[in-house]
Amino acid sequence: PLVVIDLHEMGGDSSYYFSPAAQPFNPHMTQTQIDNMTLIGRNNGKHFDRYGFDYFTREVFDAFYPGYGDSWPTFYGASASTYEVSSSRGEVFKKKTGETLTYKNTVKRHFIASISTAEGVANNHTKLLNDYYNYQKSAIKEGKNNKKSRVFILANKRNVAGNHRLATLMAQHDVEVQQADEAFKLCGKTYQAGTYLIDSAQPKGRFVKTTFTKQVDMAKAFIIEQERLRARKLDDEIYDVTGWSLPLMFDVDVDSCGKMVKVENHLVKANDKLVGNVINPNATVAYIVSWGDMAAGRFLTAALQQNITVKSTDKAFVLDDKYKFSAGSLIIEKRSNDDQLAMKIAQIAKDSGAQVQGVNSSWVTEGPSFGSSHTVTMPAPKIAMAWDEPVSSLSAGNTRFVIERQFNYPVTAIRINTLKTADLSNYHVLILPSGDYKGVLEKRDADNIKQWVKRGGVLITLGTATKFSTEHDIALLDVKRERAYKENKKAKSKPSTKDNKESMVDGQLLRDKAELISVSENVKDNPDYVAGVLANINVDQEHWLTAGVHEKLTAIVLGNDIYTPIKLASGKNIAWFSDVENVLASGYLWTENKKQLAYKPYLIHQPMGEGMVIAFTQEPTTRAYLDGLNIMLMNTIFRSAAHANPLR
């Protein structure tokens, strides 16, 4: 399409919003696209004036983050915008001004704006068609002129399933992706056959650049203004996440080069399947799947649902001085399964894309043996998830989608009112997605969950559910949220009248504006709110909960919750944010938050009786697009259930 409009509703006390968008604009958009939406916006304004409708432009909804229904088509060449109408919230809404807003009025304004947009397109169809064509053509030229990062190279050595997923996803979006049929050299490095190549000198080149570039910068003037606003204790204007590099989010290694190479290749198709394989299908002892990507993850869930007995090792091991397997690797022994095992293994490998090694011996020369206490039998856990208010519908939906559609494993959704009185003994795992649980789940409800955990249950909290679990009267998790760290204070504030029974306080002298700001500050502020960035996390490589998980991952940081590390007497900090110099992976993060976030926990494990509490301080399932965190999440569900000791 030449023009895409994403029509929404906003608060009832607002008016109507349409293009042009607010700052900042994504630098991979063209000025022509921005000008075209201004052209459409002017036509809308003309008709809104004719009907006497209030409206506004350029103030709230920016065009920086590419992940919206209106911004995504921009990188196909369309001109696009969000339209927002004040909502009647049903049939009738009484505004603060006393005006009555009806549903009919909301429909009428959306209708006028939509027809006006169609009219604007019709009146400018020749220009828009030419601009669309020139967008594709100029993208090719722009890619060829990029001498630093014209082509992106996915070496496909680590996280094979993640590489395949990202390559086919790009192909699904009409990006030309080549897979090399032979080894080649490029920019001084040698790459193996199977490597993926994405040349930005193609019609979808700008789409490639904005999704693959590690850092997409907002305009310098915009950043300066945001810092000025923050210094004045005013709200900043950053609307959504400022970092979204797909290779980082998918935990995929990517190189770039300023030139393309000619190599025998074939084009990747969106429906290409990851090819699974069983080496030595007639093995006499066992089949082993190395753990660490989603092909192995899908293999596990399929095997468990077919009642296949599966073991998993807490540590890496070497078999017969020949085969090396990562921590978490799956062991399917013939002696523990039926006569149809070989056939089942072959089918699951084909469906999942997993690589399976059949072995004729269980002699381990390094690491835990098949019968070791560091090798656990994986149950087929029954998973419950809190659902409905006050649970965040986004968090619950994202998480359920990841588990049911990406892991291919069922989840039982339990409404909060039912959860209060539910018999949880039938479940191995309970997931609390983000939500505002305080005041809805009370102390007795938390105590009920706590007793279930002590009997062998696994409680997993995500995002703001972790905040709830740390509340003093709830006490499910032995950590605390931090207030904002204050430094370089020039003057100390005097006690307020709230803290002092007297109506007056001693006088003080302020020597400059900095001291005025200092004494005006709230000493118990929360850290500043972050709209969303990609942050680097380091992962403990010696804990069973992180078996097969890459030592460095990327997660989203959103909001202002920062937690104290858990004490060793209570549990273990399993993953934590990187040091201050490296914590920011992509996006724009306030300096104060960057300093305070460094080395703070991302994933916490707290044993409790025969069970455990596992807490993510941020959400690992945001928008269901953090594929690189999936193995970590799978471990918290499946490996934790194997390490709990439920009292049945």
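Placed above this text is the structure.
Residues numbered from 1 in each chain as written. Predicted model: local features only at pLDDT ≥ 70, side-chain atom pairs only at ≥ 80, totals over all residues. Heavy atoms only, no water.

Undergrad: Whenever I open this one, the packing of aromatic side chains confuses me. Can you help?
TA: Both the distance between ring centres and the angle between the ring planes are used here to describe each pair of aromatic rings. What the rule picks out here adds up to 27 aromatic pairs. Taking the centre distance of 5.4 Å and the plane angle of 25 degrees together, the rings of Phe 184 and Tyr 191 count as stacked. Judged by relative accessible area, which is 7%, Phe 184 ranks as buried. Ring geometry for Tyr 602 versus Phe 616: centroids 5.9 Å apart, planes at 80 degrees, classification edge-to-face. In this pair, Tyr 602 is assigned in strand β32 (residues 601–608) and Phe 616 in strand β33 (residues 611–616), connecting sequence segments 14 residues apart. Phe 616 matches Tyr 602 in its accessibility class, with the two residues each being buried. In this structure, Arg 206 is placed above the aromatic ring of Tyr 135, and the distance from its NZ or CZ to the ring centre is 4.7 Å. Cation over ring: Arg 400 sits above Trp 387, and NZ or CZ is 4.9 Å from the ring centre. (Phe/Tyr/Trp six-rings, centres within 6.5 Å; stacked < 30°, edge-to-face > 60°. Buried < 20%, exposed > 50% of the residue type's maximum accessible area, 1.4 Å probe, protein only. Helix = DSSP H or I, 4+ residues; strand = E, 2+ residues; numbered from the N terminus. Lys NZ or Arg CZ within 6 Å of the ring centre and 35° of its normal.)

Undergrad: Hey, could you run me through the sheet that holds strand β2 (residues 16–17) in this one?
TA: The strands that make up a sheet are held in pairs by hydrogen bonds between backbone atoms, and each pair lies either parallel or antiparallel. Strand order in the open sheet made by the three strands is β1-β5-β2, with mixed pairing throughout. Of all the strands in the sheet, the pair left with one neighbour each is β1 (3–10) and β2. Relative to strand β5 (residues 79–86), β2 runs antiparallel, the two being bridged by two bridges. Bridging across to β5, Tyr 16 finds its partner in Val 85. (Pairing = 2+ DSSP bridges.)

Undergrad: How do you make sense of the state of the cysteines when you look at a structure like this?
TA: Simply put, disulfide is the name for a covalent bond between the sulfur atoms of two cysteines. One pass over the full model with this rule turns up one disulfide. Across a sulfur-sulfur distance of 1.8 Å, Cys 187 and Cys 257 are joined as a disulfide pair. Here Cys 187 and Cys 257 share a disulfide; its torsion about the S-S bond, 70 degrees, makes the bridge right-handed. Note that Cys 187 is positioned in the loop between β10 (184–186) and β11 (189–191) and Cys 257 in strand β13 (residues 255–257), a separation of 70 residues in sequence. Taking the relative accessible area as the measure of exposure, Cys 257 reaches 1% and is therefore buried. (Disulfide = S-S within 2.5 Å.)

Undergrad: Looking at this structure, how should I read unusual backbone geometry?
TA: Note: most peptide bonds trans; most residues except glycine with negative phi. Looking along the chain, the bond that leaves Ser 19 and enters Pro 20 is cis, with omega of 10 degrees. Mapped onto the fold, Pro 20 is located in the loop between β2 and β3 (22–25). Here Gln 23 and Pro 24 are connected by a cis peptide whose omega angle stands at 0 degrees. Relative to the elements of secondary structure, Pro 24 occurs in strand β3. Phi at Asn 159 takes a positive value of approximately 55 degrees, unusual for a residue other than glycine. Tracing the sequence through the fold places Asn 159 in the loop between β8 (151–154) and α4 (160–172). Non-glycine residue Lys 233 carries a positive phi angle of around 60 degrees. Position of Lys 233 relative to the elements: it lies in the loop between α6 (220–231) and α7 (246–249). For Lys 233, a relative accessible area of 53% corresponds to the exposed category.

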